[in-house]
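# Report on the structure
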Amino acid sequence: MAPGGGEGRRNGEQQANGKSNGNGCVCGFPVCACAGAAAVASAASSADMDRVAVAATEGQIGAVNDESWVAVDLSDDLSGDGGDDGVAIEDRPVFRTEKIKGILLHPYRVLIFVRLIAFTLFVIWRISHRNPDALWLWVTSIAGEFWFGFSWLLDQLPKLNPINRVPDLTVLRQRFDRADGTSRLPGLDIFVTTADPFKEPILSTANSILSILAADYPVEKNTCYLSDDSGMLLTYEAMVEAAKFATVWVPFCRKHGIEPRGPESYFELKSHPYMGRSQEDFVNDRRRVRKEYDEFKARINGLEHDIKQRSDSYNAARGLKDGEPRATWMADGSQWEGTWVEPSENHRKGDHTGIVLVLVNHPSHSRQFGPPASADNPLDFSMVDTRLPMLVYVSREKRPGFNHEKKAGAMNALTRCSAVLTNSPFILNLDCDHYINNSQALRAGICFMLGRDSDTVAFVQFPQRFEGVDPTDLYANHNRIFFDGTLRALDGMQGPIYVGTGCLFRRITLYGFDPPRINVGGPCFPKLGGMFAKTKYEKPGLEMTTKAAVAKGKHGFLPLPKKSYGKSDAFVDSIPRASHPSPFANAAGDAGVVTDEATITEAVAVTTAAYEKKTGWGSNIGWVYGTVTEDVVTGYRMHIKGWRSRYCSIYPHAFIGTAPINLTERLYQVLRWSTGSLEIFFSRNNPLFGSTFLHPLQRVAYINITTYPFTAIFLIFYTTVPALSFVTGHFIVQRPTTMFYVYLAIVLGTLLILAVLEVKWAGVTVFEWFRNGQFWMTASCSAYLAAVCQVLVKVVFRRDISFKLTSKQPAGDEKKDPYADLYVVRWTWLMVTPIIIIMVNIVGSAVAFAKVLDGEWTHWLKVAGGVFFNFWVLFHLYPFAKGLLGRHGKTPVVVLVWWAFTFVITAVLYINIPHIHGPGGKHGHGALGRHAHGHHGGKLGGFEGEAYGWP
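Residue indices begin from 1 for each chain and proceed along its sequence in written order. Where totals are concerned, whole chains, interfaces and linings use all residues; where local detail is concerned, this predicted model gives features only for residues with pLDDT of at least 70, and gives and counts side-chain atom pairs only at 80 or more. As a rule here, side-chain values cover all heavy atoms of the structure and leave hydrogens and water aside.

Applied cut-off: UniProt positions are given in the numbering used here, feature names are shortened, and annotations may be inferred rather than shown by experiment.
The protein chain carries the name Cellulose synthase-like F6 in an unreviewed UniProt entry, which gives Urochloa decumbens as its organism. The UniProt entry for the protein chain carries the following text under Subcellular location (unreviewed entry): "Golgi apparatus membrane".

What follows is the structure, encoded as C-alpha cells:
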C-alpha cells in the first residue's frame, strides 16, 4: 500500500466544523459533513477472525497493480503514518482519496480539447468540400463522421477527473474491532443468484458459497442467500454438501490465513503452497483438507445420478402406474417441493412453489473453538473459531401467467426474504460463478460505507475480474479499459455505474429513500452541487433518526405509500430497521436472528409470484424491470435521486469469475448488454430526461452507455463502402488538400497520445487497449447491429425480447486443454455481417491491386492509403476470423493464407475477365487514382477517432 493519510483525510478535515465526541450529529446522521463525526453506532458486534488470518492478509489491500501507483499524487505533508499523530481513532478516515499525477492528467485534459477542435475543423473542411459526383456518399459520410466524433466525446468527457480510492483496513480494525474479539461492523447480506445448474456449473456455485462463508468478516454479521430460479433439488443438495465441507474448509482458512478462499482456485495454484509456512501442521492439514475436497467434488459430481436413483427407488416402492406423476425425493424421504427430475404439474420450471430453507443457522455472538486433533479427527482446530455464517437457500414461487422478470425479480425476492430473516443494512450481490478471491474484500467495501460523508453513498462497485480466459484474451473478456478506465474516472464525478455483480448496496436505497443531502458536484466540481441541489427539502431518511418519527410510528417516514411495498406487515416493519444505525432497533433485534416456523412461512410468503402485483416493486422499489440490463438502470435510478457511488479496486482482486471465451457465447453476451442499453434509451429512464440531481458529466456517461450500439449503423457503412469504392469509382473525398492532411494528422496523433496517457493512469497495457479496439469492431459489426434491429422491432411492434442464459459450462475437453472452448465453433446469425465485411475488404483491396497492375490506375501510391485502411479493418477483425476457423485457427498463418488466397484469386479474375473492367484499359479511370487515398483519409478522420472510444 502507498503510504499516507492522503486526500481522504484532507477532504474530511476541510468539511469538519467540529470534533467528534463519539456520538452522531444533531442532524441525526452518524457520519456527516456538518459535524465531521466519524463514529458509527451499531448493534451488537461479532467476533474477530482468527489472528493468524489477519496477520497474513493485513497488508494485501492496495491499488490495482504496481503500474497504477506511478500515477498517484500524494502530498508530502499528509503522507505516512505520522500524518495521523494526535488524531483520535474515531476521526481517522477508513479510506483515502488519491489524485492522479498532474503530469499525466493535465496533458490528458488538454489533448481532449485539442482533438475536439481539430476534429471540428476537419468536419468543417469536409462540409465545405463536396463531392458532386457522389453526393449521397458525401452526405452519409458526413453524418457518420459527426456521429463518431460525438460518440468519442461522450466517452471522453466523463474521464476528465479520474481518481483512486484506497481502503485503510488498519484504521477500520482499530475503529470497529474490540479488544475482546467482537466487532461493531454492520450486518451484511450476500446474495448469490443462479438459474440453471447445468449451464452454470454447480461446482462453481458451491465454490462461490464456500468463499463467502470463509471471508474475513464478523461471522454473525455475515449471511449468505442463494437464489435458485430453477428450483431443482440438485442445487439444494449441492449446497447441503457445501455446508458440510465448510465445517472443515472455513476453520482451515482461518487457522492458516489461506488465500484465495475458493477451494478450487486455491488447490490449483501453480506456486508452491508451502511457501513461507514452515509449520508441520500446515502440511498435514492441507493434505487432509485436499482429500476432503476431492471427496466433496466426487459427491457433487455424483449428485445428479444419486437423486435420480433415489427418486426411482421411492417411486417404485409406491407402485406408481404409467402416467402418474413421478416425484423427486429428498434424502430425508420427503418429496421435493420444487422442480422434479421428471416435470409434472406444480413441479416444473416456471411452475413450482416457493422454498426457503436454512442450511446453516445463525451463529452465536461468542467464539466457539473446535476440537483438538485426535485419531478420528487429525485436524487441530482447538484455537480456531469454527462458527459458520448463516446460509439460506431460496427458490421463489413461479407460476404460469406471471412475468417473473428474470434476475431482477430474483434479486427483489431475495431483498424481501432477507429483510424478514436478517435485515442487514448492507447487501452484496454476486453471480454464482464469482468467488471471493481476497478475504478482505468485504471489509474493503464496507470502508466506503462507513467513512466521512458516506451516508450519501448508495453502492460500492468492484471491478469484474475473470479467470480461465485465454492468455491472448482473444475476445477482450477482461475489458479492463472499461473497468479500470471508465469506472475509475466516474468515481471522480458522481460515481461508477452499477454493472451487475460485485456491488455492495445500502439497503434503504433499494426501498426508494432519498439521500440525506445532495451534492452532485463531487470532488471535481464541488461548487456545482449548489447549482443543482435543492437548498431546502425534508428527506424521509432524515425523519428516520428523529424522535418525531418514532413517536408517529414506524411507517410514518416511508417515502412511498405502505401498499407500494406489498401486503406483508413483517416486511414493512423491517424497513425502519434497515438503515445503519436505526432508531427503531431494539434489544430483541440484537438478541439474534429468529428462524422459527412462523418467520420462515413469512419469508416464503414475500417470495410468491403474486406478491408484487399492484406494488412499486420493479419501478420505484428494488431492482428495476423492463430491460435485460437491470443493473445499469437500477444504479441510474439511484443516481438521479442524488445518491453517489464509489469504485473499489483492490489487489489481490476482490472477486473473480468466469467469462465465456467461446465466440458465440461472447457475442450473445454483448448482444444482451447492448440490447438492454437501447431499451433504457427508449424508456422513461432515458438519461436525457433525468433529474437535475444527476451530475452533468454523469449524465453524459449514461447517455454514452445507452446510445453506443447506434455506432453499428455508421460503422457498417464505413467498413464496406470504402472498399466497394475501388470497384464503383465513387469516393467520399474528391480532392484532398494540405489542410485535410494536417487536420487528419492532428486527429490521429492526439488519439494515440490520449491512449498512451489513459493506459498509464488506468494501469492497463497497450496490448489490452488494442485488443479492446479489435473486439469493439467485431461487436459493432454483429451484436450492436442486431441490438438496434431488435429494439426497433420492440418499440414499433411492441414485441418482447427474450434471451437465453449465457452458458458457463465449457463444451471442449478441459482436461486436455483448459482453453478448448475457445476453438469450438457454434454457428450463429451474428457472424454473417463480419464475414461479409471481411470478404468485401479483401475483394476491394484485390481489385485496387489489379487495377494498378492492369494500368488503369497509374498513381499506385495514392491507392496505398485506401488499401491500408482496408487492411486496418481486416486487422481489427482478425480475432473474429481466427475464432471462426475453430481449432485450426490456433495457427495464425492459416488466417493469413486464406486472406492472401482470396486476394490473389480476386485480382487474377479481375485482370483476366475483360467485361469486368471494360475496354478502357489504363485510360478508362485515369482520374480515380487521384481520389483513392483522399476517400479513405476522410474515413480515418472520423472513424479512427471512435475506434477505441467505447470499451
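### Focus on the environment of Pro-218
Basically, it comes down to this: Working definition: helices are DSSP H or I runs of at least four residues, strands are E runs of at least two. Numbering for both runs from the N terminus.
Inspection of the secondary structure assignment puts Pro-218 in the loop between α7 (202-213) and β7 (222-228). For the pair formed by Pro-218 and Pro-389, sequence separation is 171 residues and the distance between their alpha carbons is 8.5 Å.

### Quick notes on helix α22 (residues 663-681)
The condition that has to hold: To estimate the expected span of a helix, subtract one from its residue number and multiply by 1.5 Å. Residue burial is assigned from relative accessible area. The probe radius is 1.4 Å, only protein chains are included, and a residue is buried under 20% of its type maximum, exposed over 50%, and partly exposed in between.
If you check α22, its first and last C-alpha atoms are 27 Å apart, about what 19 residues at 1.5 Å a residue would give, namely 27 Å. Of all 19 residues that make up α22, 17 are buried, and the element is covered over most of its length.

### Topic: the UniProt feature "active site" (unreviewed entry) in the protein chain
Note the cut-off: Throughout, a residue-residue contact means that at least one pair of heavy atoms, one from each residue, lies within 4.5 Å.
UniProt's feature table lists "active site" (unreviewed entry) at Asp-229 and Asp-631, given in the numbering used throughout. With respect to the helices and strands, the residue Asp-229 is situated in the loop between β7 and α8 (233-256). Beyond its immediate sequence surroundings of up to four residues, Asp-229 is in contact with Thr-194, Ala-195, His-352, Arg-396, Lys-398, Lys-406 and Ala-410. With respect to the element layout, Asp-631 can be found in helix α21 (residues 630-639). Sequence-distant contacts of Asp-631, defined by excluding residues within four places in its chain, comprise Tyr-498, Val-499 and Gly-500.

### A closer look at the UniProt feature "transmembrane region" (unreviewed entry) in the protein chain
In this numbering, the UniProt entry assigns the feature "transmembrane region" (unreviewed entry) to residues 108-127, 134-154, 708-733, 740-763, 775-797, 824-848, 860-881 and 893-913. Counting secondary structure, residues 740-763 comes out at 96% helix and 0% strand; the distance between its end C-alpha atoms is 35 Å. Overall, residues 824-848 shows 68% helix and 0% strand. The separation of its end C-alpha atoms is 35 Å.

### Examining the nonpolar core
Put simply, the rule is: Think of a nonpolar core as a cluster: buried Ala, Val, Leu, Ile, Met, Phe, Trp, Tyr and Cys residues, connected wherever their side-chain atoms sit within 4.5 Å.
In this structure, Leu-172, Trp-249, Phe-296 and Ile-446 are the most contacted members of the largest nonpolar core, which totals 80 residues. Tyr-475, Leu-667, Ala-712 and Met-831 belong to the second-largest nonpolar core, a separate cluster that totals 55 residues.

### Points about the sheet that holds strand β15 (residues 465-467)
What counts is decided by this rule: Two strands make a pair as long as DSSP finds a minimum of two bridges between them.
Taken together, three strands build an open sheet; the order of strands is β13-β18-β15 and the sheet is mixed. The strands lining the two open edges of the sheet, one partner per strand, are β13 (435-436) and β15.

### Observations concerning the state of the cysteines
To keep things clear, this is the line we draw: Two cysteine sulfur atoms form a disulfide, by the criterion used here, when they sit within 2.5 Å.
Scanning the entire structure with this criterion turns up zero disulfides. Cys-447 takes part in no disulfide bond, and the closest cysteine sulfur, belonging to Cys-648, lies 7.8 Å away. Since its relative accessible area comes to 0%, Cys-447 is described here as buried.

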